[in-house]
Amino acid sequence: MKYVKSPLVLILVICLASVVAEPRSNTTLLEVVKEINYDNIGKHINTIWNLGSRVTGYPGFYATAKYVEDYFEKLGLQVYKQSFKLAIPLEVEGKLIVEGIRYPVHVLWPNVVALGNTPPEGVAGQIIYVGKGSLKEFYGKDVKDTIVLMDFDCGYNWINAIRLGASAVIFVESDSMLRYDAFSKLVIGAPLDFPRGYVEKQVIEPVLRKILSGEKVYGKVILKAGWKQVEAYNIVGILPGESSDDFIVVSVHYDTWGIVPALPTSLDEATNIGVLLELARVLSQKRLKRTLVFVALAGHWQGLAGAREFVRQFILPKSDEGKRVWMEIGLDLSTDSYGVTLVH
């Protein structure tokens with residue numbers, strides 16, 4: 001695994017310059033920076049990735065919170081959780097039934113509040129495949145009341161299936177899937193209540209082979225999700241400094257968002273958590289001028305709910321007590337670029 005090192009060095013220098021007391025002997029800040037271990041970051045990333053979906057409310061979300069909490073405690077930080085509640089769309093059931101065989105299908109993120117559920121008994125009909133979903137690929141097919149299989153990288157062409165009278169669309173995993181492909185499965189600002197699902201290519205391959213061979217294939221799809229109020233947690237680890245009245249905050253968000261919320265998502269956010277944990281390890285071994293606060297925020301994709309809760313439960317009370325939060329360093333690393341942006 002290849003890591004982007006220069007942004008991490010810059011972040012660590014900022015942290016060190018802000019909080020580390022005058023180093024003993026002749027140790028320099030850059031020598032301390034060299035203590036960062038990129039293999040440790042990689043191990044954290046791999047562990048977190050394998051925990052499953054970190055969309056708020058899903059099992060991987062809670063497993064990640066526990067992983068961060070346990071690691072903070074291992075480092076000897078003062079650890080506590082900030083609890084708050086959020087309304088989240090959670091997958092309940094998803095399947096395509098063809099000739100008695102059940103193929104697992106995942107629900108998509110709602111259009112605004114519209115979950116796109118099928119009726120409880122499901123939607124039945126002929127299953128057709130239309131590739132990228134262009135009108136040319138629909139030509140000559142009787143689309144009304146069908147279940148349409150379409151490549152995930154179809155852009156907004158899935159709207160064609162609705163216009164032509166389809167009962168449901170199931171997106172088939174593509175070889176290459178970009179962020180645009182995910183966002184194009186939403187109708188921004190419109191609560192379009194239409195059943196949409198996602199299936200992995202190797203799962204649906206037997207059905208595709210039959211359709212592409214010219215065989216007429218019939219089946220039934222059931223998609224069900226529900227809004228549920230769930231408990232979310234910010235994980236806070238405090239590393240005391242010489243001054244208990246002066247604070248530096250280093251934060252990341254550990255939840256993620258995905259158009260298919262039940263599946264593991266976002267290496268970017270896993271990277272952020274890995275970096276936070278390694279920074280905590282390095283700095284936990286130093287003598288600090290100011291108290292350092294590491295926080296893993298939840299609810300980022302629910303209107304920055306975790307960040308707002310952290311301000312309410314930590315920042316504002318400290319201010320009322322006459323204490324000072326001098327700086328907040330938010331790590332939001334991206335695999336899209338090698339650049340570093342400082343927002344102040």
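All values derive from a computational prediction rather than experimental measurement.

**Regarding the pattern of salt bridges**
Under the criterion given, the structure shown has 13 salt bridges. Of the charged contacts in the structure, one is a salt bridge between Asp 153 and Lys 132, with a shortest N-O distance of 2.7 Å. Here the residue Asp 153 occupies a position in the loop between strand 5 (147-151) and helix 6 (158-163), and Lys 132 occupies one in the loop between strand 4 (123-129) and helix 5 (135-138), the gap between them amounting to 21 residues. The exposure class assigned to Asp 153 is partly exposed, which follows from its relative accessible area of 26%.

**Considering empty space enclosed by the protein**
As enumerated under the stated definition, the model contains one cavity of 30 Å³ or more in all. Space inside the largest cavity adds up to approximately 40 Å³. Around the largest cavity sit Pro 89, Val 107, Leu 108, Trp 109, Pro 110, Leu 115, Ala 225 and Pro 261, which together line it. Classifying every residue of the lining of the largest cavity gives eight nonpolar, no polar and no charged.

**Here we look at a nonpolar patch on the surface**
A surface patch of nonpolar side chains, about 280 Å² in accessible area, is lined by Val 112, Val 113 and Trp 227. Take Val 112: its relative accessible area is 44%, and that puts it in the partly exposed class.

**Let's talk about the nonpolar core**
Within the largest apolar cluster, 66 residues are counted, with the highest numbers of intra-cluster contacts made by Phe 72, Val 148, Ile 259 and Phe 294. Tallying contributions element by element places helix 9 (residues 267-283) first for this core, with eight residues. By size, the runner-up hydrophobic cluster in this structure holds 22 residues, among which are Val 98, Ala 168, Val 207 and Ala 225.

**Quick look at helix 4 (residues 59-74)**
A turn of α-helix holds 3.6 residues, and therefore any two residues three or four places apart point the same way. Spanning 16 residues, helix 4 covers 23 Å between terminal C-alpha atoms, matching the ideal 22 Å at 1.5 Å per step. The set of residues buried in helix 4 consists of Gly 60, Phe 61, Thr 64, Ala 65, Val 68, Glu 69, Tyr 71 and Phe 72. Among the structural elements, helix 3 (38-49), strand 1 (78-98), strand 8 (217-239), helix 9 and strand 10 (290-297) are those in contact with the buried residues of helix 4. Of the residues flanking the end of helix 4, it is Gly 76, one or two places downstream, whose phi is positive at about 85°.

**Notes on the environment of Lys 228**
Locating Lys 228 in the fold gives a position in strand 8. Distance in space between the C-alpha atoms of Lys 228 and Pro 89 is 6.3 Å, their sequence separation being 139 residues. Every residue in contact with Lys 228, bar those within four places of it in the chain, is listed here: Leu 86, Ala 87, Ile 88 and Leu 90.

**Observations concerning helix 10 (residues 305-320)**
With 16 residues, helix 10 should reach 22 Å at 1.5 Å per residue; the first-to-last C-alpha distance of 22 Å fits that figure. Of all the bends in helix 10, the largest measures some 35° and sits at Val 311. Regarding helix 10, the residues found buried are Ala 305, Gly 306, Glu 309, Phe 310, Phe 314 and Lys 318. Close packing links the buried residues of helix 10 with strand 1, strand 8, strand 9 (243-253), strand 10 and strand 11 (324-330). Count one or two residues on from helix 10 and you reach Gly 322, which has phi positive near 85°.

**Comments concerning the confidence of the model for the protein**
Residues with a pLDDT of 70 or more make up 87% of the protein, whose mean pLDDT is 89. Throughout residues 1-5 the model reports pLDDT below 50, and contacts reaching past four residues in sequence, or to other chains, amount to nine contacts.

**Observations concerning the packing of helix 4 against helix 9**
Direction vectors running N to C along helix 4 and helix 9 enclose 10°, while the axes themselves pass 10 Å from each other. As judged from the angle between their axes, helix 4 and helix 9 are roughly parallel. Of the residues in helix 9, those touching helix 4 at Thr 64, Tyr 67, Val 68, Tyr 71 and Phe 72 are Ile 273, Leu 276, Leu 277, Ala 280 and Arg 281. Of the residues belonging to the contact of helix 4 with helix 9, the class tally is eight nonpolar, one polar and one charged.

**Describing unusual backbone geometry**
A positive phi is found at Val 112, a non-glycine position, where the angle reads about 60°. Relative to the assigned elements, Val 112 resides in the loop between strand 3 (106-107) and strand 4. Backbone geometry places Asp 145, a non-glycine residue, at a positive phi of 65°. Mapped onto the elements of the fold, Asp 145 is located in the loop between helix 5 and strand 5.

Conventions used here
Residues numbered from 1 in each chain as written. Predicted model: local features only at pLDDT ≥ 70, side-chain atom pairs only at ≥ 80, totals over all residues. Heavy atoms only, no water. Salt bridge = Lys/Arg side-chain N within 4 Å of Asp/Glu carboxyl O. Helix = DSSP H or I, 4+ residues; strand = E, 2+ residues; numbered from the N terminus. Buried < 20%, exposed > 50% of the residue type's maximum accessible area, 1.4 Å probe, protein only. 1 Å grid on protein atoms, 1.4 Å probe; cavity = no way out; pocket = protein on both sides within 12 Å on 5 of 7 lines; lining within 4 Å. Points joined across faces, edges and corners; volume = space filled by probe spheres on them. Nonpolar A, V, L, I, M, F, W, Y, C, P; charged D, E, K, R; others polar. Patch = residues over 30% accessible without salt bridge, like charges linked within 9 Å, V, L, I, M, F, W, Y side chains within 5 Å. Areas by Shrake-Rupley, 256 points an atom, 1.4 Å probe, with all protein chains shown as cover. Core = buried A, V, L, I, M, F, W, Y, C linked by side-chain atoms within 4.5 Å. Expected span 1.5 Å × (residues − 1). Contact = heavy atoms within 4.5 Å. Bend = angle between axes of the 7 residues up to and from the residue. pLDDT = per-residue confidence, 0-100. Axes fitted to C-alpha atoms, helices over the stretch in contact; angles between N-to-C directions. Parallel < 35°, antiparallel > 145°, perpendicular 65-115°, else oblique.

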